Amino acid sequence: MASKVDIPPRLVLKGTPKEIGLEHGHQLQHQIKDQLEIYKEMFEYTSKMDWSQVHELAEEFRATSEHNTPDIHAEMQGIAEGAGVGMLDIVALNCRSEISLGHFSDGCTSLSWKKGEKNRVLSQNWDWTTRVGKNLAMVQIEQPDKPTIYMVTEAGIIGKIGFNSAGVGVCLNAIKAPVCVSSKVPIHVALRLCLESVSVDSALDRLNSLGGVASSQHILLADSSKALGLELSPKGDVYLQEDANGMVMHTNHFIENKSVQEPPWLPSSPVRLERCQQLCRELLESGVAGNKIIPTLLREKIFADRYNAPEAICGSEVPSRHPIRQTSTLFNIVMNLEPGNLGAEVVFGRPGYEEESAVVKLPWTTGNRWSSWLLRLFGL
């Protein structure tokens, strides 16, 4: 019998940007150093770049971050110091999507579903290099005058998949398109900026004020009253609206954005999108709506689906691939964005398989100082 997937560490980070970074780097220093080794191998294999070349590109993004997002820059400095690594190492982790430019295997499937006029469910399977699974973390970030962030991220990366106390949530789907503009915002920084926003509209205003994103990606962005599929590229963006059933779903290819040339790279992407559409239709026809749209149902009926395995919605490794390109579903998250009832359920590993972890709820703290102290003391 397969062993259960370990639940990643939980971090509560607060203070100035530098202090948040220092604590992040200190607590996850071993995972960050392992991440650097994984990505060194990935960049060399997929992008034919050695680490000195990676640093050259990272320096371009570092300069952009220092000018455009100084708080993010200070937090990355703190992570580097806390982990005992170089600043450009941390910048490289945070612009790894731009460095890779889609030269990898992915498989994420994301879905937003309207439960009511002021309630959306936001969910996805996150598929990525299997070796990264041991370096995930759940992070709660508390900053003055900003919403509290609850997210699942990779060690060393400042923005990822999750939601905030204002009810804004994000999911991510990688897109392959050979355009990168280092004067714009790396996608993981863009995710963080969305998670620091109080609404979908304010998140869009923030991204647009900085000139848009540096590479082609899809962010599924939602709050309680709307969801948009942001098909983003340095050459122009397209926003996908909710369909007649109140849904937005996406995989790993642009559906409407024609501003960049996107070479065929992941045959499973249209298959997974069509399969997700079919499964959602079946749920609608069976009467699922409103309060019946619950995390357990979505995991069991959509995100555990194995059609077209191993490149299914719930993905598994493809034996023929090089080890660094072996990917699988590393976690599933289902977020409830209803005001007064915010929260998420996360399962690590492949949902529906024996090795999936127990369900983890976000947020995991109650705000009680004694509880927070115990969580930190015992690394829970």
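The notes below deal with the structure included here. (Residues numbered from 1 in each chain as written. Predicted model: local features only at pLDDT ≥ 70, side-chain atom pairs only at ≥ 80, totals over all residues. Heavy atoms only, no water.)

**Focus: the packing of aromatic side chains**
- For the coordinates displayed, the defined rule picks out six aromatic pairs.
- On the numbers, 6.0 Å between centres and 55° between planes, the contact of Phe 331 with Phe 348 is tilted. Remark: Phe 348 occurs in strand S13 (residues 343-348) and Phe 331 occurs in strand S12 (residues 327-336); sequence separation between them is 17 residues.
- Residue class for Phe 331 comes out buried when judged on its relative accessible area of 0%.
- The exposure class assigned to Phe 348 is buried, which follows from its relative accessible area of 1%. (Phe/Tyr/Trp six-rings, centres within 6.5 Å; stacked < 30°, edge-to-face > 60°. Helix = DSSP H or I, 4+ residues; strand = E, 2+ residues; numbered from the N terminus. Buried < 20%, exposed > 50% of the residue type's maximum accessible area, 1.4 Å probe, protein only.)

**Details of the sheet that holds S12**
- Here six strands make up an open sheet; going across it, the order is S11-S2-S3-S12-S13-S14 and the pairing antiparallel. Single-partner strands in this sheet number two, and they are strand S11 (247-250) and strand S14 (360-362). Neighbouring strand axes in the sheet, compared pairwise and without regard to direction, differ in orientation by 15° on average.
- Here three bridges tie S13 to S14, and the two strands are oriented antiparallel to one another. (Pairing = 2+ DSSP bridges. Axes fitted to C-alpha atoms, helices over the stretch in contact; angles between N-to-C directions.)

**Points about the pattern of salt bridges**
- Taken as a whole, this structure holds 21 salt bridges when the rule is applied.
- The salt bridge partner of Arg 275 is Asp 305, with a shortest N-O separation of 2.9 Å. A residue pair is termed long-range when its members are at least 10 positions apart, and Arg 275 in helix H9 (residues 268-285) and Asp 305 in the loop between helix H10 (295-303) and S12 qualify at 30 residues. For the residue pair Arg 275 and Asp 305, the accessibility class agrees, reading buried in each case.
- When salt bridges that share partners are traced, they join Asp 71, Glu 75, Lys 146, Arg 192 and Glu 196 into one network. (Salt bridge = Lys/Arg side-chain N within 4 Å of Asp/Glu carboxyl O.)

**Side note on the packing of helix H1 (residues 17-27) against helix H2 (residues 29-46)**
- Axis separation between H1 and H2 bottoms out at 4 Å; the angle between their running directions is 80°. Comparing their axes, H2 and H1 come out roughly perpendicular. Residues His 24, Gly 25, His 26 and Gln 27 of H1 lie in contact with H2, whose contacting residues are Gln 29, Gln 31 and Ile 32.
- Of the residues assigned to the contact of H1 with H2, the class counts are one nonpolar, six polar and no charged. (Parallel < 35°, antiparallel > 145°, perpendicular 65-115°, else oblique. Contact = heavy atoms within 4.5 Å. Nonpolar A, V, L, I, M, F, W, Y, C, P; charged D, E, K, R; others polar.)

**Some points on the side chain of Glu 196**
- Mapping Glu 196 onto the fold places it in the loop between helix H7 (187-195) and helix H8 (200-209).
- Among the polar contacts listed, one links the side chain of Glu 196 to the side chain of Lys 146, at a separation of 3.4 Å.
- The residues contacting Glu 196, other than those within four sequence positions of it, are Ile 72, Gln 143, Lys 146, Pro 147, Ile 149 and Asn 164. (Polar contact = N/O pair within 3.5 Å; in protein donor to acceptor, adjacent residues only side chain to side chain.)

**Concerning the sheet that holds strand S6 (residues 161-164)**
- Here eight strands make up an open sheet; going across it, the order is S1-S4-S5-S6-S7-S8-S9-S10 and the pairing mixed. The open sheet has two free edges, formed respectively by strand S1 (10-14) and strand S10 (238-240), since each of these has just one partner strand. Direction aside, the axes of adjacent strands within the sheet are offset by 20° on average.
- Of the pairings in the sheet, the one linking strand S8 (residues 217-222) to strand S9 (residues 227-232) comprises six bridges and is antiparallel in character.

**With respect to the layout of surface pockets**
- Taken as a whole, the largest pocket spans an internal volume of roughly 310 Å³.
- Lining the largest pocket are 18 residues, with Val 5, Thr 130, Gly 133, Leu 330 and Gly 349 sitting closest to its centre.
- In terms of residues, the lining of the largest pocket owes the most to one element, S12, which gives three residues.
- Each residue belonging to the lining of the largest pocket can be placed in one class, and the counts come to seven nonpolar, six polar and five charged. (1 Å grid on protein atoms, 1.4 Å probe; cavity = no way out; pocket = protein on both sides within 12 Å on 5 of 7 lines; lining within 4 Å. Points joined across faces, edges and corners; volume = space filled by probe spheres on them.)

**What to know about the environment of His 24**
- Within the secondary structure layout, His 24 lies in helix H1.
- For His 24, a relative accessible area of 2% corresponds to the buried category.
- For His 24 and Phe 254, which are 230 residues apart along the polypeptide, the C-alpha to C-alpha distance reads 34 Å.
- Apart from the residues within four sequence positions on either side, His 24 is in contact with Leu 11, Leu 13, Ile 32, Ile 79, Ala 155, Gly 156 and Ile 157.

**A short note on the side chain of Asp 127**
- Positionally, Asp 127 belongs in strand S3 (residues 119-129).
- Put simply, Asp 127 is tucked away with no salt bridge, and the nearest opposite charge, on Arg 272, sits 6.2 Å away.
- Among the polar contacts listed, one links the side chain of Asp 127 to the side chain of Thr 329, at a separation of 2.9 Å. (Lys, Arg positive; Asp, Glu negative; His and termini not counted.)

**Re helix H4 (residues 70-83)**
- Between its terminal C-alpha atoms H4 stretches 20 Å, which fits the 20 Å expected from 14 residues at 1.5 Å a residue.
- Against H1, H2, helix H3 (51-68), helix H5 (87-94), strand S4 (136-142) and H7 lie the buried residues of H4.
- A positive backbone phi angle near 75° is found at Gly 84, which sits one or two residues after H4. (Expected span 1.5 Å × (residues − 1).)

**Thoughts on unusual backbone geometry**
- Note that the residue after Ala 309, namely Pro 310, is joined by a cis bond; omega there is 5°.
- Checked against the element boundaries, Pro 310 lands in the loop between H10 and S12.
- Omega for the peptide link from Leu 362 to Pro 363 comes to -5°, which places this bond in the cis form.
- Within the fold, Pro 363 resides in the loop between S14 and helix H11 (369-377).
- The backbone phi angle of Asp 145 is positive, close to 65°, even though this residue is not glycine.
- Inspection of the secondary structure puts Asp 145 in the loop between S4 and strand S5 (149-154).

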